[in-house]
Amino acid sequence: MDFRLDSEQQMLQDSVRRYIDKAYAFEAGAKPGKGASLAHWGAFADNGWLAAALPEAHAGLGGGLVETALIAHEFGRGLVREPYLGCAVVAAQTLAAAGTAAQQERWLPALADGSVRIALAYSEPASRGMPLPVATVARSRAGGYLISGRKSLVLSGLVAQHYIVSARVEGAAADEVSLFLVDVDAPGLQRQALPLHDGSWAEELVLDGVQVPADAVLGEAGKGLAALRAGLAHGTVALGAELVGAMEKVIELTADYLKTRQQFGVPIGSFQALQHRVADMAIEMETARSMLHAALAAMEREDDAARQRTLSAAKALIARAAKFVCGQGIQLHGGIGVTEEYVVGHYFKRAVVGELLLGSIDRHEAACMA
């Protein structure tokens, strides 16, 4: 796979970076309110970033996962709070993979222009961010289904208008997963906001006999697992790109600090021991970047089983590297690194949360060996 950017991809990356550098001052981004910020959501839509990886037939720009990774990388550098990962990547790609032609025609243009936000409610206490097992059950009733179960760590749920809920139709096999579109105000749906360590928010859902019509099923009942895995695969790559962007920015901040902070009359960046630590950070970041490239390549060339192993390996390696690099950034900044008023500690918090999103390191390492 050729990882050199073409002219359009380079312009995309440059435009996102210019916007983030201008619009995302740390003082504004470090104090999020309850839920993800939507202050710049309209601008994301106007710039085509929400539509970048959606099909042209449904108001998208016809790009692919590389474009998603480029956008996510720049968002990682800027600690962007908008629900891009949850709504514009994971949920949108799941719907694009699962929906019938009519469902795609109805929902994808609205996702592309930012007028509708959908969150993916798939994780459960027993699955811990993986697509299986699914304990939520949909019982067939006249004209539709009654859904009962519990979903945890729903990304971007607080700003969503609809959920894609994974469930098994009563009596179905363990891997016969169905995907249902559920309104946020559906009777029987209980929502609880969950604050995360980095200042962002997720949701926990309890579905107590939530009734949905038959046409709420995305695609065909019992055939949703492949689409769910496709959406999560896009999300895993996007999260990896975001964490690589965060590592990149932390190294830049740390290098600049070491050049200006003085001790014994000289910049502390002249101390060989500290130079070695920055070099270790750079090695971890570049290893993570290479693993991100491997994940991108796997999405195009490998069969499903091999693809899932590569994605799991990428998630585990990149998440571990991000915690190391961002943690070292705090250490090399000294006392100021742990203060809320300085930015480097917030990158570490994002790395801590990123380790658990879309499946933890332990879960993905176990999946690599399965």
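Residues numbered from 1 in each chain as written. Predicted model: local features only at pLDDT ≥ 70, side-chain atom pairs only at ≥ 80, totals over all residues. Heavy atoms only, no water.

A separate point is empty space enclosed by the protein. Inspection of every chain in the model, using the stated rule, returns 5 cavities of 30 Å³ or more. In this model, the largest cavity occupies a volume close to 390 Å³. In terms of lining residues, the largest cavity is bounded by 26 residues, among which Val80, Arg81, Glu82, Ser200 and Arg350 are the most central. Listed by contribution, the elements that provide at least two residues to the lining of the largest cavity are α4 (65–78), α5 (84–98) and α7 (225–260). It is α7 that contributes the most residues to the lining of the largest cavity, 4 residues altogether. Each residue belonging to the lining of the largest cavity can be placed in one class, and the counts come to 15 nonpolar, 6 polar and 5 charged. When its volume is computed, the second largest cavity comes out at roughly 60 Å³. Trp49, Leu50, Ala52, Ala53, Leu54, Thr68, Ile71, Tyr84, Ala88, Val89 and Gln93 are the residues that line the second largest cavity. (1 Å grid on protein atoms, 1.4 Å probe; cavity = no way out; pocket = protein on both sides within 12 Å on 5 of 7 lines; lining within 4 Å. Points joined across faces, edges and corners; volume = space filled by probe spheres on them. Helix = DSSP H or I, 4+ residues; strand = E, 2+ residues; numbered from the N terminus. Nonpolar A, V, L, I, M, F, W, Y, C, P; charged D, E, K, R; others polar.)

Counting across every chain of the model gives 17 salt bridges. Arginine 150 is paired through a salt bridge with glutamate 204; the nearest N and O atoms lie 2.7 Å apart. Residue arginine 150 is found in strand β3 (residues 144–155), and its partner glutamate 204 is found in strand β7 (residues 201–213); the two are separated by 54 residues along the sequence. We classify arginine 150 as partly exposed; its relative accessible area is 41%. Since its relative accessible area comes to 14%, glutamate 204 is described here as buried. Between lysine 323 and glutamate 355 there is a salt bridge, with the nearest N and O atoms lying 3.0 Å from each other. One end of the pair, lysine 323, is in helix α9 (residues 304–333); the other, glutamate 355, is in helix α10 (residues 344–356), with 32 residues separating them in the sequence. For glutamate 355, a relative accessible area of 17% gives the class buried. Within the structure, one salt-bridge network assembled from shared partners comprises Arg17, Glu74, Arg77, Glu248, Glu252, Glu286 and Arg289. (Salt bridge = Lys/Arg side-chain N within 4 Å of Asp/Glu carboxyl O. Buried < 20%, exposed > 50% of the residue type's maximum accessible area, 1.4 Å probe, protein only.)

Next up on the list: the side chain of lysine 349. Looking at where lysine 349 falls in the secondary structure, it is placed in helix α10. Beyond its immediate sequence surroundings of up to four residues, lysine 349 is in contact with His197, Asp198 and Glu340. (Contact = heavy atoms within 4.5 Å.)

Mapped onto the secondary structure, arginine 363 falls in helix α11 (residues 361–369). Looking at arginine 363, the relative accessible area reads 27%, which means it is partly exposed. The spatial distance from the C-alpha of arginine 363 to the C-alpha of glutamate 242 is 20 Å, given a sequence separation of 121 residues. Dropping the residues within four chain positions of it, arginine 363 is found in contact with Ala126, Ser127, Arg128 and Met130.

Attention shifts here to the side chain of serine 123. Its place among the elements puts serine 123 in the loop between β1 (118–121) and β2 (137–141). Among the residues examined, serine 123 registers a relative accessible area of 4% and is labelled buried. Here the side chain of serine 123 touches glycine 129 through a polar contact of 2.9 Å, landing on its backbone nitrogen. Setting aside its immediate chain neighbours within four residues, serine 123 contacts Arg128, Gly129, Arg150, Lys151 and Ser152. (Polar contact = N/O pair within 3.5 Å; in protein donor to acceptor, adjacent residues only side chain to side chain.)

What follows concerns the packing of aromatic side chains. Using the criterion set out here, one finds 8 aromatic pairs in the structure. Between the aromatic rings of tryptophan 41 and phenylalanine 44, the centroid separation amounts to 6.1 Å while the plane-to-plane angle is 55°, which identifies the pairing as tilted. With a gap of 3 residues between them, tryptophan 41 and phenylalanine 44 both fall in helix α3 (residues 41–46), about one helical turn apart. With a centroid separation of 5.1 Å and 80° between ring planes, the pair formed by phenylalanine 75 and tyrosine 84 is classed as edge-to-face. In this structure, phenylalanine 75 and tyrosine 84 share a single accessibility class: buried. Here a set of aromatic residues connected by ring pairs shows up, and it is made of Tyr19, Trp41, Phe44, Trp49, Phe75 and Tyr84. (Phe/Tyr/Trp six-rings, centres within 6.5 Å; stacked < 30°, edge-to-face > 60°.)

Let us now look at helix α6 (residues 101–112). In this model α6 runs 16 Å from its N-terminal to its C-terminal C-alpha over 12 residues, within 8% of the 16 Å that 1.5 Å per residue would give. All buried positions along α6 are accounted for by Gln103, Gln104, Trp107, Leu108, Ala110, Leu111 and Ala112. Where α6 is buried, its residues touch α3, α5, β1, β4 (162–169) and β5 (178–183). (Expected span 1.5 Å × (residues − 1).)

With that out of the way, let us pick up the nonpolar core. If you look at the biggest cluster of nonpolar residues, it comprises 94 residues, and the most contacted ones within it are Phe75, Ile118, Met247 and Ile318. Tallying contributions element by element places α7 first for this core, with 18 residues. The residues touching isoleucine 318, leaving out its near neighbours within four places in the chain, are Gly240, Leu243, Val244, Met247, Ala288, Met291 and Leu292. Residues Val154, Tyr163, Val184 and Val212 belong to the second largest nonpolar core, which totals 21 residues. (Core = buried A, V, L, I, M, F, W, Y, C linked by side-chain atoms within 4.5 Å.)

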